[in-house]
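Overview (structure and organization)
Take a look at the letters that make up each chain.
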Amino acid sequence: MTFLRSGRWLGPLLLLVIAIAVAACVPGSGPAGSPGASPVGTPQHPLTPASPGAGPDSLIAFVFTPIFQAMFLLLVAVYTALHSAGVPGAIGIAIIVLTLVVRAVLIPLYRRQLVSQRRMQMLQPELNEVKKRFRGDRVKAQAAQQELMRERGVNPVSGCLPLLLQLPLLFIMYSVIQNGLTSYDPIPMLTVAGVQLVPLTCPTTPPPPGVVKPCIDTIVPWLGGIDISRPETIELSLRGLGLPFSFGLSIMAVVSALLQLVQSRMMLTPADPTNDDPNVRIQRQTMLFLPLISVLYGGILPAGLFIYWIVATVFQIVQQYLIVGWGAMFPILGWYPAFARDHKPKFPVALPPPDPSRRSPTQSSAGPTNRATSADKTIRPRERGRQGRRGRRR
């Protein structure tokens, strides 16, 4: 229980989720399936659902294929409707619609995460007092903090599930863009029980090896005519500074990182200068630093994935604004706007009052009444006879 409460299990579990997501988000791969987007110089195959094979990767891919297929069906359905109507950059709008649908379905789950995190933040002063009371005894401090959280109805683990869910969704969306939007024939992925659910006409003859001719138009004019199935970068050279190298910078990755930084600051509480806990400082620094890592992914990941990331982050910012407000967003370089001062969220989070019924049996049995009864049994009554007086003379 201490291992779960300390949060040490998050790292290994995150690695496990990443491994599962990577294996699962390649529909049609493995010995029992056909690959999606083929490497340059190798023969290309239609994008087909994965089949269960002997290896664990094939089995995991088969289990997660329905999620990929459902998201891909919705994406292509919106794309074909917009493309037939002559809307430019239909695939970019389709990714936005798909993102909004996915986030709308997950509203209850993410609301539970926000409420859990906010209640933990509100309970933090009481947890710090418990930690100070048992200073030097880590086991008793953790046990007392656990009893306090149980009594107040706060479960820190309940807020971790949406965090773990983001990684599989991100990898599935990556696979939808990387494999689905670069395949010359995704018709098998649009077919269920022998029926093609979405009308899409694609060539059945594969292009020559090394040539990628996707069936879906992945050019988005309103984003500068970029191909969202590929990374979008601007080459920046540092030779003028005397450094003999250059690197690619993605504008969409920078926008995504800034929005994630806003989302992270809104989730934090205003800094308390009296709190000298180093773990709190490290947590705050980590939450503000992690969004900047996505800038490094700009030259690797397809641009369509950043459309998903940007829309999902904006959706989460709106959801946080309604539930937790501005948080620690302000002040920014000393600027504290009037609309953010004393702001009340539309759906504020309240910390539940102490509930004795949530106490553990050990804590309940040690209540005031039982402690008094136990004390009466252990204290010897005073004797008023000669032995008592004789004892006092001694």
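Worth saying up front: this structure is predicted, and the values here are computed from it rather than measured.

1. Overview of the packing of aromatic side chains
- Across all of its chains, the model carries eight aromatic pairs by this definition.
- A ring pair is formed by Y321 and W326, whose centres lie 5.3 Å apart and whose planes are at 70°; its orientation type is edge-to-face.
- Its relative accessible area of 31% is what places Y321 among the partly exposed residues.
- Every member of this aromatic cluster is reached through a ring pair, and the members are Y321, W326, F330, W335, Y336 and F339.
- Across from the ring centre of Y110, 4.1 Å away, lies the NZ or CZ of R103, which sits over that ring.

2. Some details on the pattern of salt bridges
- Following the criterion strictly, the structure yields four salt bridges and no others.
- With a closest N to O distance of 4.0 Å, D137 and K140 form a salt bridge.
- Among the residues examined, D137 registers a relative accessible area of 28% and is labelled partly exposed.

3. Remarks on the state of the cysteines
- Applying the stated criterion to the full structure yields one disulfide.
- A disulfide bridge connects C202 with C215, and the sulfur atoms are separated by 1.9 Å. Taking the sign of the S-S torsion, about -85° here, the bridge from C202 to C215 comes out left-handed. Here C202, found in the loop between β2 (195-196) and β3 (219-220), pairs with C215, found in the loop between β2 and β3; they are 13 residues apart in sequence, far enough to count as distant. As far as the burial class goes, C202 and C215 line up, both buried.

4. A look at unusual backbone geometry
- Backbone torsion omega between F330 and P331 reads 5°, so that peptide bond is classified as cis.
- Within the secondary structure layout, P331 lies in the loop between α10 (303-323) and α11 (361-365).
- We note that A193 has phi near 55°; this positive angle belongs to a residue other than glycine.
- The exposed category is assigned to A193, whose relative accessible area is 80%.
- Here D342, not a glycine, exhibits a phi torsion of approximately 55°, which is positive.
- Counting through the fold element by element, D342 comes out in the loop between α10 and α11.
- On the accessibility criterion, D342 (75% relative accessible area) is exposed.

Procedures and definitions
Residues numbered from 1 in each chain as written. Predicted model: local features only at pLDDT ≥ 70, side-chain atom pairs only at ≥ 80, totals over all residues. Heavy atoms only, no water. Phe/Tyr/Trp six-rings, centres within 6.5 Å; stacked < 30°, edge-to-face > 60°. Buried < 20%, exposed > 50% of the residue type's maximum accessible area, 1.4 Å probe, protein only. Lys NZ or Arg CZ within 6 Å of the ring centre and 35° of its normal. Salt bridge = Lys/Arg side-chain N within 4 Å of Asp/Glu carboxyl O. Disulfide = S-S within 2.5 Å. Helix = DSSP H or I, 4+ residues; strand = E, 2+ residues; numbered from the N terminus.

Interpretation in functional terms is not warranted from these geometric data alone.
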